[in-house]
Amino acid sequence: MLLVTASALIWVGTAFAGYAIYVALIPETKEAWAAAIAAIVLVIGPLGWTAMLVIRRSSRPGPRLHQPDPRIPAANEADSATLNLLAKVAQEKPLLAVVFAGILGASEALAQRKNHRL
């Protein structure tokens, strides 16, 4: 509901900005030209911003991924036991399994971060 409200406020704000530009341009141009200029301003601005972001993103190289260390086993018995337990929980309560999977993933990420800092 909050997303719908925020979207509506953005659309209304854009409409008022367009109307303000239109009214400001009427004394200097004809009404049709004032509407066209207001539309161009409101279209060129977001398109220019998007083009700038795309150009900036394409100029940066993508993230470099590291190769996994072959000396570290990919999964040990504790991980497989945890996954088996999670699979059993998922059969009866899938939402709870998703929550547990998120918690396990976050704890694993924190553990890996601590191991890399040491």
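In this text, all values refer to a predicted model and were calculated from it rather than measured experimentally.

Parameters at a glance
- Residues numbered from 1 in each chain as written.
- Predicted model: local features only at pLDDT ≥ 70, side-chain atom pairs only at ≥ 80, totals over all residues.
- Heavy atoms only, no water.
- Helix = DSSP H or I, 4+ residues; strand = E, 2+ residues; numbered from the N terminus.
- Buried < 20%, exposed > 50% of the residue type's maximum accessible area, 1.4 Å probe, protein only.
- Areas by Shrake-Rupley, 256 points an atom, 1.4 Å probe, with all protein chains shown as cover.
- Axes fitted to C-alpha atoms, helices over the stretch in contact; angles between N-to-C directions.
- Parallel < 35°, antiparallel > 145°, perpendicular 65-115°, else oblique.
- Left-handed = near helix turned anticlockwise from the far one by under 90°.
- Contact = heavy atoms within 4.5 Å.
- Nonpolar A, V, L, I, M, F, W, Y, C, P; charged D, E, K, R; others polar.
- Phe/Tyr/Trp six-rings, centres within 6.5 Å; stacked < 30°, edge-to-face > 60°.

What follows deals with the overall build of the protein. Of the regular secondary structure elements, the protein holds 4 helices and 0 strands. Going from the N terminus to the C terminus, the protein shows its helices and strands as α-α-α-α. The buried share of the protein, taken over its 118 residues, is 4%. A total of about 10700 Å² of accessible surface is found on the protein, and carbon and sulfur atoms cover 70% of it.

As a packed pair, helix α1 (residues 2-25) and helix α2 (residues 31-59) sit with axes 8 Å apart at the nearest point and diverge in direction by 140°. In terms of axis orientation, α1 runs oblique to α2. Note on packing geometry: the crossing formed by α1 with α2 is right-handed. On α2, the residues touching Thr-14, Ala-17, Gly-18, Ile-21, Tyr-22 and Leu-25 of α1 are Glu-31, Ala-34, Ala-35, Ile-37, Ala-38, Val-41 and Leu-42. Each residue belonging to the contact of α1 with α2 can be placed in one class, and the counts come to 10 nonpolar, 2 polar and 1 charged.

Applying the stated criterion across every chain, the model contains 1 aromatic pair. The interplanar angle of 40° and the centroid separation of 6.2 Å between the aromatic rings of Tyr-19 and Tyr-22 together place this pair among those described as tilted. With Tyr-19 and Tyr-22 both in helix α1, this residue pair falls 3 residues apart, about one helical turn. Classification of Tyr-19 as exposed rests on a relative accessible area of 53%.

Any link to function would need more than the numbers given here.
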